[in-house]
Amino acid sequence: MAKIFCIANQKGGVGKTTTTVNLAAGLAEVGQRVLMVDLDPQGNATMGSGVDKRQMALSVYDVLLESASVAEAAVYSEKCGYHVLGANRELAGAEVELVEVERREKRLKTSLAEVADAYDFVLIDCPPSLSMLTLNGLCAAHGVIVPMQCEYFALEGLTDLVNTIKQVHANLNKDLAIIGLLRVMFDPRITLQQQVSDQLKAHFGDKVFDTVIPRNVRLAEAPSYGLPGVVFDPSARGSQAFVAFAQEMVDRIGKL
Ligand code: ADP
Ligand code: MG
């Protein structure tokens, strides 16, 4: 049975997409069967997995509107070693179209249930908002991975997300839990980052993942080659950190 995780944080540019594609590639590398679902109309996770968002016959949009199954719409990225249920601008329209339909927040959950045996992990890259798309992700998931930068306002921004997750947990999805906070783009030379990191650990304890993702330019360069850093430059420090994070996830899930 696939374990399903949302990579979510309502702030943009905090490293959600980078985390999603590199964790997917890292999990594939340690032998897991992975489906990456792009729920952001920007389609960055799709492009960053080597799938051209402009050339897709079917996308997550068709799945949400129930005109295609996940098995029909997902494509295998040969280079990355995982399946991709892609997104493009069409998905922005789903927000409005879903308003009219039944079970609108459970569409993704229902569709993913059909492929639960085909994967070990499903990773959902969420858009930077708490929209109907994100809600579909949260309703489908067993847990949320929250990438965050160790900056001054990081904790403050978490409150909204934590409250949303609590509401979804109470009303829509009893399975949902925060799996952990992932410190990303970390630079240990910056004293403030070290302080915020310590605060995070004091506040959230073992909800903070042990693995820390460093700021690493190779991770930022990889998307322009249509690859996760883990595939683009496996020897880069950032890539090695993501493979270590994949192993940490496999270990944690064993204990869930
Ligand atoms: P989000 O999906 O939350 O908007 P992204 O994953 O797209 O965030 O990251 C925002 C920007 O930061 C991108 O340009 C990405 O390449 C860069 N980035 C993300 N993680 C790192 C890192 N660990 N080191 C260097 N650059 C990073
Ligand atoms: Mg993104």
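Just above, that's the structure.
Residue positions are given per chain, counted from 1 along the sequence in the order it is written. To read the labels, note that chains go from A and ligands from 1, taken in the order they are written. Given that the model is predicted, a residue must reach a pLDDT of at least 70 before its local features are reported, and side-chain atom pairs must reach 80 or more before they are shown or counted; all residues, however, enter totals for whole chains, interfaces and linings. Hydrogens and waters are ignored; side-chain quantities use all the structure's heavy atoms.

**What to know about the pairing of strand β6 (residues 143-148)**
- Most of β6 is tucked away: 6 of the 6 residues are buried.
- Exposure categories follow from relative accessible area, calculated using a 1.4 Å probe and restricted to protein chains: below 20% of the type maximum is buried, above 50% is exposed, and the middle band is partly exposed. We count a stretch as a helix when DSSP gives it H or I for four or more residues in a row; a strand needs E for two or more, and each element gets its number in order from the N terminus. Along β6, one buried face is formed by Gly-143, Ile-145 and Pro-147 and the opposite face, lined by Val-144, Val-146 and Met-148, is buried too.
- Each pair of strands is called paired provided DSSP finds at least two bridges between the two strands. In terms of strand pairing, strand β1 (residues 3-7) meets β6 through 3 bridges, oriented parallel. Considered in β6, the bridge of Ile-7 is made with Ile-145.
- Across 6 bridges, the pairing between β6 and strand β7 (residues 177-186) is parallel. In the sheet register, Gly-143 faces β7, and the bridge partner there is Ala-177.
- A right-handed crossover is one whose linking path, passing over the helix from the first strand to the second, runs clockwise when the strands point away from the viewer. Following the backbone out of β6, through helix α8 (residues 154-171) and into the adjacent parallel β7, one traces a crossover that is right-handed.

**Topic: α8**
- Counted at 1.5 Å a residue, the expected span for α8 with its 18 residues is 26 Å, and the 26 Å between its end C-alpha atoms agrees.
- Turning to α8, its buried residues number three or more, namely Ala-154, Gly-157, Leu-158, Leu-161, Thr-164, Ile-165 and Val-168.
- We call two residues in contact when some of their heavy atoms are within 4.5 Å. Close packing links the buried residues of α8 with α7 (132-140), β6, β7 and α9 (191-204). Multiplying 1.5 Å by the helix residue count minus one yields the expected span of that helix.

**A short note on the pattern of salt bridges**
- What makes a salt bridge here is a side-chain nitrogen of Lys or Arg within 4 Å of a carboxyl oxygen of Asp or Glu, nothing more. Throughout the structure, instances matching the rule amount to 8 salt bridges.
- A salt bridge links Glu-66 to Arg-103, with the nearest nitrogen and oxygen atoms 3.1 Å apart. Pair noted here: Glu-66 is in the loop between α3 (60-64) and α4 (70-73) and Arg-103 is in the loop between α5 (91-97) and α6 (107-113), with a separation of 37 residues, a long-range link.
- Its relative accessible area of 39% is what places Glu-66 among the partly exposed residues.

**What to know about the packing of aromatic side chains**
- The aromatic pairing rule takes the rings of Phe, Tyr and Trp, using the six-membered ring of Trp, and pairs them if the centres are within 6.5 Å, calling planes under 30 degrees apart stacked, those over 60 edge-to-face and the rest tilted. Summed over all chains, the structure comprises 4 aromatic pairs.
- Pairing Tyr-152 with Phe-153 gives two aromatic rings, centres 5.0 Å apart and planes at 70°, and the pair type is edge-to-face. Taken as a pair, Tyr-152 and Phe-153 share a single burial class, namely exposed.
- Geometrically, the ring pair formed by Phe-209 and Phe-245 is edge-to-face, given 4.8 Å between the ring centres and 75° between the ring planes. Of this pair, Phe-209 sits in strand β8 (residues 208-214) while Phe-245 sits in helix α12 (residues 237-255), and the two are 36 residues apart along the sequence.
- Using a relative accessible area of 0% as the deciding quantity, one classes Phe-209 as buried.

**Side note on the sheet that holds β1**
- Pairing within the open sheet is mixed, and its 8 strands lie in the order β3-β4-β2-β5-β1-β6-β7-β8. Two strands in the sheet have a free side with no partner beyond their single neighbour: β3 (75-77) and β8. With strand direction ignored, the average angle separating the axes of adjacent strands in the sheet is 25°.
- For β3 and strand β4 (residues 82-85), the ladder comprises 3 bridges, and the chain directions are antiparallel. Axis definition: a line fitted to C-alpha atoms, limited for helices to the stretch in contact. Angles are taken between N-to-C directions and run from 0 to 180 degrees.

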